[in-house]
Structures are given as structure tokens and as C-alpha cells.
Amino acid sequence: MIIDNYKLISYVKRIVCNKIFHLSILFLLLSQSSLCTELIQTDRCVKNLAIFTKMYGALRYFYPCRSLKKINWEQFLINGSSKVLTATNDSELVSIINNFYSSESVYLAIIPLKSEPQTSIYNSRKYKYWKHNGYGQSDNAFLPPFFNFIYRNFLTPYGSRIATQKNKCFQDSTYTYLLEDSIFLHIRHFLPKCQGKCVRFKTSMTFNSISDDDSILYRISAVIYFWSILRNFYPYPEVVAKEWDSILKEALSKTIEKINNESFLQTLNKLTAEVNDGHAQIINIEEFDRQYTPPVSLSLVDSTIFVTGCKNCDSLGLKVGDELLKIDGNNALQLLEEISKYVSAATYHFKNYRALYRILEGLKGTFVTLTLRDSNDSIKHIILERTNYYFKPDNPIPVKKIIDQNIIYLDANRASSKKVKQTIATTGEGEILIIDLRPFPNVQTNILRTLMKSNKMESQKWLVPEIIFPFQYEYHYDSTSWVIRGKKPSVKCNIIFLINGEALSYSETFISFIKYYNIGTLIGEPTAGSNGNVVSATFDKKYRLLFTGMRVLNQDGSNLHGYGIPPDIEVRPTYQGMRNGKDEILDRAIEYAKSFTFN
């Protein structure tokens, strides 16, 4: 008898998927054989995991049952993933997921509800429901525990709680969401406060302790965890590069491959790259020592990578303006293109900044070989040690410098607020003050009080999403801003501010005041286009997600995200300027200042 090979393979897969997984969860965790990998790569298993992911996000964040807070959700994901992988069709999948718990308020079905339920509105009843102001379960990733407690409870604009309110708008009904194909999620988001029944997990859904981050299930769970947060709480869904389902399935497919920790971290960061957010990234908290670089900074101009700064350049054998050709024998531009796939940014130029930094990253104390071409077209090979977690090249110009009889330069990255105030106050009429804000000013926004041309300036608009439903089905914004007040300034000089595409977050807050209140002339590049308080989420105390938690609009109501703040005079570095080691933004500012002074 002749058997078609394709049918035979499909038949074997069905048997394996239906039988072997039932033998033991442990088998799936320990077995990394080609059979296991081939099995999980099937479209069926990816679909199972995708539907499970959406159910998990809706249940965890939008079903108002306080007892769910006691669930170890990481272990729920690991155990749940192992079970849904056994389903060979939609009916089995629905049955497996519904068997996790017992509830008439949350369940999956192959068909939608036959008719709209009778929605009862009880004016005398109070309802409980999830109310999220942004991703409110976030800590500040950069603060120690005590200050984190203060931030989370008193300072953060974000918060999540099961709220109670008497409101005619809340309906005691079941909401239906199409997850995929013919599988629907039915869930009640508003429950009477007095209702005692809640989701009860069955004994069959035990939560075993699994912490092997090399296991397939562990990695699948991390993808589900992070995707669910971004899908439900990322405040700029309109800028996401692909369909959310496509992003999820691509990540799941890549995750189930047997890959090392570095490759898995790249897979996680592909999630953040798709949301186009300058703050977004996923880091491995335990492996900061793998994010070190040599003391060199780079820039990309006209498809050419140049050295723009270094520590003790002469001793390293480098010069500003050297063209980078290869890194450890690999084409530098091709490496940059590959790394860019895993870098999240709202603007093209900021993506280049971040990718250029990562292109040299590696384990602390290791060495990297750079192949460069100098200004004389000579090729040289330089071996450098990775010694810096974050390298910022020294500015060869003094903090304050008299450039011309009427032109003064001041570096706001190195100067204190006191020195900036003193310099502004002592710069006289007919003089030009050039203040360098690249990339992040070291001064507070209250320095602007000395420069105000009116008694009041309002900040950008901070829009925190108020989220009640999953999948960004419907949400509103709580809009706030803050005001700087001061006396009318007595500043006599004219001021030029230097900016570039690295200006991000607080820098953009500072620059926005200058732009929209005409405090001075902005010269340089558009900013990075990502502002707003950053939120974080951590999986297994190892992988941490960061992303922008709110929408930000400029003072005039225009979009900041993805656009940045445009300068009044745009200057972008050129090939020739880089080869000659010139600071073309500063040169243009000096040229403008001279014409302004003497005309």
C-alpha cells in the first residue's frame, strides 16, 4: 500500500500532539529533540497559544475578581501553555481552556451568543470593575525599593484597581470578543459588588514551580506575558508596525526554536521594535555585563558609519571622522541593519542612534576588532576592550567659551543650573548666547523661568489612558499638564539652542517650552519623538519590559510621538563634515549668530 508522505507526517503529528504531551509536562520541558521542536512549530500549536494568550490577558486584567490577585500568573502561563499545546482542533482547545476554571462569567465558545442578553441596569446596585489608568501595576525600574514604594503610591500618574461605583452606564451583561476564526471569548467586565461567585481554578490546573529559562514553556510564557501588556496598555496603537496577531504569532514561532539566551532576548525585543517607541525595550536584568562597549561613539551619515567621539583617541589609534567598515570581520552596515530589527524607536534617526550604540555591545572585558578607513583612505585594524556600560564622549570645547567678541558658547550638559543662570544674567544686549542641549540638558525646567517672555508657560499635554476593556476595545484619556510661572525676564541677549535626534523624554519636555514659547532659536535635528512617563513590567525577576505609558501632545495639540520637535533651522551632518571631524550643528549656529549680530 502506498501512503502519501504528507498525510503520513500529518497523521504522526496528530498522534504525537494528542498523546505524548499527555504523558508528562516534564517531558516537554526536558526534551529539546527535533521531534518536539517540529511538533510545536505547527500552525495548530501556534494558534492554540495565541488564543490562550488573548484569554489570559482579558482574564487577568479585565475580570473584576479580587481572588485572582493571589494567582501566580507566571506559573499559570507555563502550565496553561503546556496544556493548550495538546489540542488538535478548536473544540479541544476550547474545552481545555474552559477546564482551567469554573465560571459562567468567563468562558470560550465556538459560536457567539445566540442573541443579545438582557442587559439589566440596576440603579440601586453598585458594580465592581477593573479601572486602569495606564499600565498601573508598574514600578519605576530605576528606583530602589523604598523610593519605588513612594513613587508607586503617591507620585505615579498610573494606577490599577478594582473600582466600585453606582452608575447607570454599567450594564450587568456579557461582552463577546472574537479571538480568532470562530472562537469567541465571553466575559463580564462589570459584576454586582455583592456577587460572591468568582472564577475558581480547578484542581486539574495545578501551578507547579518551573523556573528553567532554557525551557520552551518558560520562553513561551515570557512572550505571552509581555505581548499581553503591550496589546492592552500601549497608548499608541496606531503606530504599531504590524497587526497584533501577526506580531504575537511571529514571536511564538521563533521562541519555540532552541536558541540561546541572547537570541531569545532578541526575539523579545522584536516585540518592542514593532511598537515604534523610543522608550521601549526588554532587558535581561541578570546580564548587564553583556551590554558593555569600547569607549567609542558612532554616527551614520549617507550610508556610512563614522567615529564621532572616543576616550583618549590617540592612544586607541582612532580619530574622529574615521569610517567604520567592519566589526570582527563582519560588514558594519549589514550588522547595523540586522540590529535595527530589534531596536524600538519612534523616528528613523533615533533608531539609528540606538542601533549604533548596540552594534559594539558585548561581554564586559572582551575585545572587538574594528576595521576603519581614515581621512587619507588608509585602512587600519584596531582592537578595543569593552569597558563602558554607557559611553558619552568628552566635549573638546570648554563648558563655557567666548567664541567671538559677541558670541558665547555654554554646554548645558556639563554646566550646573546655577552656572547657566549666571551666564544668562551676565550676557548683555547685542550678544548671542549659544546653549548646547545635546543630547540631554543637565538643568531643570525651572531654569526657563529666567527666560520667559510671559508670566505663564504650560507644558505639553499628558494623556493617561483610562482602560476598562481588553484589546483596546474602548478607552478614554485623562488629560493633564503643568504650568511654569515667573516674573517677566530681564534677559537682554538673544539665545540659540543646539539640539539633535538623541533628545528624548525629559529633553523633549524642556525643548518644547523653547519651541512653542519662542524663547530662542533651535538649530540642529528633530528630536526623538518619544516622551511621557516610562512604565515597566518584570517576568520572573529576570526580563524587564520598558515602554511609554501615556500619550503626549505638544502645546499646540500636535502629535509629538513619531515626529519629534522640529528645529527652526535644520542641520544634518554631512559626509564631508564627518570625515573632517566637524561639528556642523555648532558651526551653523555660529554662522547664524554672526549674521544675526552684525545685520
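Structure: above.
Below you will find a few notes about this structure. (Residues numbered from 1 in each chain as written. Predicted model: local features only at pLDDT ≥ 70, side-chain atom pairs only at ≥ 80, totals over all residues. Heavy atoms only, no water.)

With that settled, consider the packing of aromatic side chains. Counted under the stated rule, the structure contains 35 aromatic pairs. A ring pair is formed by Tyr177 and Tyr473, whose centres lie 5.7 Å apart and whose planes are at 90°; its orientation type is edge-to-face. Remark: Tyr473 occurs in the loop between β20 (461–467) and β21 (475–480) and Tyr177 occurs in strand β5 (residues 175–180); sequence separation between them is 296 residues. Relative to Phe226, the ring of Tyr225 lies with its centre 5.3 Å away and its plane at 75°, an arrangement referred to as edge-to-face. Exposure class is identical for Tyr225 and Phe226. Each is buried. Ring pairing ties together the aromatic residues Phe52, Tyr56, Tyr61, Phe62, Trp73, Phe76, Phe100, Tyr135, Phe233, Tyr234, Tyr236 and Phe547, which thus form one cluster. (Phe/Tyr/Trp six-rings, centres within 6.5 Å; stacked < 30°, edge-to-face > 60°. Helix = DSSP H or I, 4+ residues; strand = E, 2+ residues; numbered from the N terminus. Buried < 20%, exposed > 50% of the residue type's maximum accessible area, 1.4 Å probe, protein only.)

A contiguous patch of positive charge, built from Arg66, Lys69, Lys126 and Lys193, is present on the exposed surface. Structurally, the position occupied by Lys193 is in the loop between β7 (191–192) and β8 (200–201). (Patch = residues over 30% accessible without salt bridge, like charges linked within 9 Å, V, L, I, M, F, W, Y side chains within 5 Å. Areas by Shrake-Rupley, 256 points an atom, 1.4 Å probe, with all protein chains shown as cover. Salt bridge = Lys/Arg side-chain N within 4 Å of Asp/Glu carboxyl O. Lys, Arg positive; Asp, Glu negative; His and termini not counted. Charge placed at Lys NZ, Arg CZ, Asp CG, Glu CD.)

Another point: the sheet that holds strand β9 (residues 281–284). Two strands in a sheet stick together by hydrogen bonds in their backbones, pointing the same way (parallel) or opposite ways (antiparallel). Overall, antiparallel pairing links the 3 strands, which are arranged β9-β26-β25 in an open sheet. A strand with exactly one partner marks an edge of an open sheet, and here the two such strands are β9 and β25 (534–539). Neighbour to neighbour, the strand axes of the sheet diverge by 20° on average, direction disregarded. (Pairing = 2+ DSSP bridges. Axes fitted to C-alpha atoms, helices over the stretch in contact; angles between N-to-C directions.)

Note on placement: Thr308 falls in strand β11 (residues 304–310). With relative accessibility at 27%, the residue Thr308 sits in the partly exposed group. When the C-alpha positions of Thr308 and Asp583 are compared, they lie 9.3 Å apart, and in sequence the two are 275 residues distant. Sequence-distant contacts of Thr308, that is, excluding residues within four places in its chain, are made with Ser297, Leu298, Ser299, Val320 and Met578. (Contact = heavy atoms within 4.5 Å.)

Let us look at the sheet that holds strand β24 (residues 521–524). Taken in spatial order, the 6 strands of this open sheet run β16-β17-β18-β23-β24-β28, and their pairing is mixed. Pairing within the sheet leaves two strands with one partner each, and these edge strands are β16 (400–404) and β28 (569–570). Inspection of the sheet shows strand β23 (residues 494–499) paired to β24 by 4 bridges, in the parallel sense. Paired with Leu498 across the strands is Ile523, a residue of β24. This element, helix α14 (residues 417–426), spans β16, β17 (407–411) and β18 (432–436) of the sheet and lies at about 160° to β18.

The next point concerns helix α5 (residues 73–84). In a regular helix each residue adds 1.5 Å, so 12 residues correspond to 16 Å; α5 covers 16 Å between its end C-alpha atoms and thus fits that length. Summarising burial for α5: 11 of the 12 residues are buried, a large majority. Here α5 has its buried residues at Trp73, Glu74, Gln75, Phe76, Leu77, Ile78, Asn79, Gly80, Ser81, Ser82 and Val84. (Expected span 1.5 Å × (residues − 1).)

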